[in-house]
Amino acid sequence: MTDPRWLTEHEQRAWRGYLDMHARLTARLHRDLQADSGLSLSDFDVLVQLTDRDDERARVLELAQALQWEKSRLSHHLARMERRGLVERQECPDDARGAFIALTAQGRRTIEQAAPQHVNTVRDLVFDQLTAEQVDTLLAISTQVQARLDDTQ
């Protein structure tokens, strides 16, 4: 085992700042979304995945991969969303054991009502605080780190 390449003081401040920002931003978005619409941030993430698809449905494994969730976590979460009428299971004609998770009319109404305030919150907390150049930098950083994550899977 090689010796670790410790972070410099500057890198450590940047890393801890990112972790703190991520935790605080996620908590705030969750609180505000819950208060405004009754949706959790996890609910919203699932609904976005479904609304972004032409047929508004996906296999559980596809959703788990897209959300980076364990399949068991997603299954439990989908069951709660199904009880609330936001999604439904549909049979998969190609696979008798498989099923699609589909957006319901209630799910579509719910995300359509929640999205405007959610985007206002994201804009207020993030994008209204950044210059166009900083947004470009944020995009470049996230793209580069995601590419590295893809390379090391």
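Structure first, text after, so check above.
Residues numbered from 1 in each chain as written. Predicted model: local features only at pLDDT ≥ 70, side-chain atom pairs only at ≥ 80, totals over all residues. Heavy atoms only, no water.

Trainee: Just to check I follow, could you spell out helix H1 (residues 9-37) for this structure?
Mentor: Residues three or four positions apart in an α-helix share a direction because the helix packs 3.6 residues into each turn. If you check H1, its first and last C-alpha atoms are 41 Å apart, about what 29 residues at 1.5 Å a residue would give, namely 42 Å. The positive-phi residue at the C-terminal boundary of H1 is Gly38, with phi of around 80°. (Helix = DSSP H or I, 4+ residues; strand = E, 2+ residues; numbered from the N terminus. Expected span 1.5 Å × (residues − 1).)

Trainee: I keep staring at the layout of surface pockets and nothing clicks. Help me out?
Mentor: Rolling a probe over the atoms, with the probe sized like a water molecule, indicates the empty space that remains. Each pocket or cavity is described by its volume, and for the largest pocket that value is around 1,900 Å³. Taken together, 35 residues make up the lining of the largest pocket; nearest its centre are Tyr18, His22, Leu25, Ser142 and Gln146. Sorting the residues of the lining of the largest pocket by element identifies H1, helix H2 (41-51), helix H3 (60-67), helix H5 (105-125) and helix H6 (132-151) as the ones contributing at least two each. The dominant element in the lining of the largest pocket, judged by the number of residues it contributes, is H1, at ten residues. Of the residues assigned to the lining of the largest pocket, the class counts are 20 nonpolar, eleven polar and four charged. (1 Å grid on protein atoms, 1.4 Å probe; cavity = no way out; pocket = protein on both sides within 12 Å on 5 of 7 lines; lining within 4 Å. Points joined across faces, edges and corners; volume = space filled by probe spheres on them. Nonpolar A, V, L, I, M, F, W, Y, C, P; charged D, E, K, R; others polar.)

Trainee: Just to check I follow, could you spell out a nonpolar patch on the surface for this structure?
Mentor: A surface patch of nonpolar side chains, amounting to about 500 Å² of accessible area, comprises Leu7, Trp15, Tyr18, Leu19 and Met21. For Leu19, the location among the structural elements is in helix H1. (Patch = residues over 30% accessible without salt bridge, like charges linked within 9 Å, V, L, I, M, F, W, Y side chains within 5 Å. Areas by Shrake-Rupley, 256 points an atom, 1.4 Å probe, with all protein chains shown as cover. Salt bridge = Lys/Arg side-chain N within 4 Å of Asp/Glu carboxyl O.)

Trainee: Even after reading the chapter, I still don't get unusual backbone geometry, so can you show me in this structure?
Mentor: Trans peptide bonds make up most of the peptide bonds, and negative phi angles are found at most residues other than glycine. A positive phi angle, near 55°, is found at Glu56, a position not held by glycine. Inspection of the secondary structure puts Glu56 in the loop between H2 and strand E1 (57-59). One non-glycine residue, Gln68, lies in positive phi territory at about 60°. Considering the arrangement of structural elements, one finds Gln68 in the loop between H3 and helix H4 (71-83). Exposure remark for Gln68: the relative accessible area of 62% places this residue in the exposed category. (Buried < 20%, exposed > 50% of the residue type's maximum accessible area, 1.4 Å probe, protein only.)

Trainee: Quick question: what am I supposed to make of the side chain of Thr110 here?
Mentor: Locating Thr110 in the fold gives a position in helix H5. Look at Thr110 and you get buried, because its relative accessible area is 10%. The residues contacting Thr110, other than those within four sequence positions of it, are Leu39 and Leu86. (Contact = heavy atoms within 4.5 Å.)

Trainee: Help me out: how do you make sense of the packing of aromatic side chains in this one?
Mentor: Two numbers describe a pair of aromatic rings. These are the distance of the centres and the angle of the planes. Evaluation of the coordinates by the stated rule reveals one aromatic pair. Cation over ring: Arg59 sits above Phe100, and NZ or CZ is 5.8 Å from the ring centre. Directly above the ring of Trp69 sits Arg73, whose terminal nitrogen or CZ lies 3.9 Å from the centroid. (Phe/Tyr/Trp six-rings, centres within 6.5 Å; stacked < 30°, edge-to-face > 60°. Lys NZ or Arg CZ within 6 Å of the ring centre and 35° of its normal.)

Trainee: What's the story with the packing of H2 against H3 in this structure? I'm lost.
Mentor: Any two packed helices are characterised by the angle at which their axes cross and by the distance between the axes. For the pair H2 and H3, the least separation of the axes is 11 Å and the interaxial angle reads 115°. The element H2 and its partner H3 pack so that their crossing is right-handed. Across the interface between the two elements, Asp45, Val46, Gln49 and Leu50 of H2 pack against Leu63, Ala66 and Leu67 of H3. Across the contact of H2 with H3, the residue classes break down as five nonpolar, one polar and one charged. (Axes fitted to C-alpha atoms, helices over the stretch in contact; angles between N-to-C directions. Left-handed = near helix turned anticlockwise from the far one by under 90°.)

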